[in-house]
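# Secondary and tertiary structure notes
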Amino acid sequence: MLPANSGIPLRRGILSTTRSVVHLESLQTAHNLPIRTSYRNRIHAWSSMNDRPTNVAVLGSTGSIGQSTLAVIAESGGRFRALALSTNTSTQRIIEQAFEFAPQCIVVADQRQAAQLDASQLPAGTELFSGAEDLSRVAALEEVDVVVAAIVGSAGLLSTWSALEAGKRVALANKETMVMAGPLAIEVAQNSGAQLLPVDSEHSAVFQALQAGRPQDVRRVILTASGGPFRQYTPEQLQHVTVDQALEHPTWKMGKKITVDSATMMNKALEIIEARWLFQLKKDQIDVVIHPQSVVHSMVEYVDGSVIAQLSPPDMRLPIQYALSYPERWKGPAKTIDWTRAQQLTFEPPDNDRFPALALGLEVAQAGGTTGAVLNAANEAAVARFLDGRLAFSNIVPACRAVLQQHNFETHPDLERLIALDAWARQEIAKWVNA
Ligand SMILES: NC(=O)c1ccc[n+]([C@@H]2O[C@H](COP(=O)([O-])OP(=O)(O)OC[C@H]3O[C@@H](n4cnc5c(N)ncnc54)[C@H](OP(=O)(O)O)[C@@H]3O)[C@@H](O)[C@H]2O)c1
């Protein structure tokens, strides 16, 4: 446990945006850090052969994707260095990560948690920053090459935006950015030269399958969905789903919000919207198929009828690594398929009546404009209330639809408008729940 506030002021660094090469020697000799020796040695070996490792800012490093990213970095043979880490409130975990990875800085987004953190607990050479603005500044630091956007929800929007504006490679796990503001995000990336690479396993699969043909020859993209824990539930059973049941995903271990989204299939709805903007597909070019084994991560069908798929066991370390290594590939920590074992891969159409989120996702992907931001915020607020026991599982999607129907649609909103609508939709969910 962390000691109570010791009264020691935060050791705040100055966030410079001027180019400065990271000096590994100073990193390694600064103090006697109990950094994992193997990781330290690999960084050293790699940097002696190359100019320097690729510097990665892992935003949301204490979450499920963040921790998997650090596992990929640790196994990268020193190719990658975790230059910056961030958390919202998990200060104990980020201190442990700081000792293991010796980042140049960490950001604690929650100001109260940051104020209670005793900076002397951090390894020497690691600076502490706090709050959402510092998060955005860190994402744009000159010495950061790649930003892994792994903060959950719309809280990840502005730091992802900052990375895009700064022209970084963005390994995008935070699908909410694309759902809220996909067309604007693509425009920002095109203007700044930023590279947007998907981390979502489905979008990584599509990205890989798209390399097999020309964009004009794509007939459609087929996103696979595990179907979640309630794939075979009756409508009656869906009325009585508990929080514990919803948090038990059959194939993936993930953060709470996305686990609930997978159970309602809102996650697939968000992925439909993400795919539409990320791959600039036409509105009728996206389909969903249920594939309970989560081995085929998605497919692209070309006009000649060929279907190109990407397969691997369900393990997020692979799509994370590919977003970091692209266009290269190397052996990483992700599991591989055991082809000596008999196995079945099955596919079935989704049931839109039991899982109405899918239709909502398709509608929003078709409508664009303000609908993505409203749906996203309504869903985040509804899921939070479900987790608090204040909203029934079966009411999450109806609540989102009700809020969506109430909003004043605009075709070309700017970012400020989308952020205002995010706040509005959350208030509407609160009213809906209390009504
Ligand atoms: N998990 C997966 O397998 C998976 C797969 C595909 C896509 N994704 C996407 O990846 C993103 C992260 O998912 P996850 O499952 O890794 O979530 P998670 O386990 O809940 O982790 C979320 C991270 O964001 C931080 N965070 C939360 N609220 C924040 C705030 N207000 N300001 C700053 N940081 C905040 C958390 O810090 P604390 O530790 O302090 O809470 C944590 O580091 C989501 O957009 C999700 O849709 C996840």
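Summary of the structure given here.

What counts, and where the lines are drawn
Residues numbered from 1 in each chain as written. Predicted model: local features only at pLDDT ≥ 70, side-chain atom pairs only at ≥ 80, totals over all residues. Near = placed C-beta within 6 Å. Helix = DSSP H or I, 4+ residues; strand = E, 2+ residues; numbered from the N terminus. Nonpolar A, V, L, I, M, F, W, Y, C, P; charged D, E, K, R; others polar. Domains from an automatic or database assignment. Buried ≥ 20, exposed ≤ 12 C-beta atoms within 10 Å, placed from the backbone. Contact = placed C-beta atoms within 7 Å. Pairing = 2+ DSSP bridges. Core = buried A, V, L, I, M, F, W, Y, C linked by C-beta atoms within 7 Å. Axes fitted to C-alpha atoms, helices over the stretch in contact; angles between N-to-C directions.

## Some points on the site of the ligand
Neighbouring the ligand are 25 residues, the closest being G63, A155, A173, M254 and G255. Where the shell around the ligand is concerned, the elements lending two or more residues are helix 3 (64–74) and helix 8 (175–192). Residues belonging to the shell around the ligand are distributed by class as follows: 11 nonpolar, 11 polar and three charged. Each of two domains, domain 1 (24–198) and domain 2 (204–368), supplies a minimum of three residues to the shell around the ligand.

## A word on the environment of S61
Among the secondary structure elements, S61 is positioned in the loop between strand 1 (54–59) and helix 3. We classify S61 as buried; it has 30 C-beta atoms within 10 Å. S61 sits 90 residues away from I151 along the chain, and the two C-alpha atoms are 8.1 Å apart. Dropping the residues within four chain positions of it, S61 is found in contact with G66, L70, L85, S86, T87, I94 and Q97.

## Description of the pairing of strand 11 (residues 307–311)
Here strand 10 (residues 296–302) pairs with strand 11 via five bridges, running antiparallel. By the bridge assignment for strand 11, S298 is matched with Q310. Hairpin connection between strand 10 and strand 11: a loop of four residues separates the two successive antiparallel strands, and G305 in this loop has a positive phi of roughly 95 degrees.

## Here's the deal with the nonpolar core
Soluble globular proteins: nonpolar side chains tend toward being buried together. Residues A57, V148, A149, A171 and A378 are the most contacted members of the largest nonpolar core, which totals 120 residues. Of the residues forming this core, the biggest block, nine residues, is contributed by helix 16 (residues 371–387). Residue assignment places this core across two domains, with domain 1 (24–198) and domain 2 (204–368) each supplying three or more. Other than its neighbours up to four places away in sequence, V148 contacts V56, A57, V58, L59, T69, A171 and A173.

## Here's the deal with the sheet that holds strand 11
The sheet built from four strands is open, its strands ordered 9-8-10-11 with mixed pairing. Two strands in the sheet have a free side with no partner beyond their single neighbour: strand 9 (286–290) and strand 11. Averaged over all neighbouring strand pairs, the angle between strand axes comes to 20 degrees, with direction disregarded. Lying over the sheet, helix 9 (residues 201–209) contacts strand 8 (218–225), strand 10 and strand 11, oriented at roughly 35 degrees with respect to strand 10. Against the sheet, helix 13 (residues 266–278) touches strand 8 and strand 9, its axis set at about 155 degrees to strand 8.

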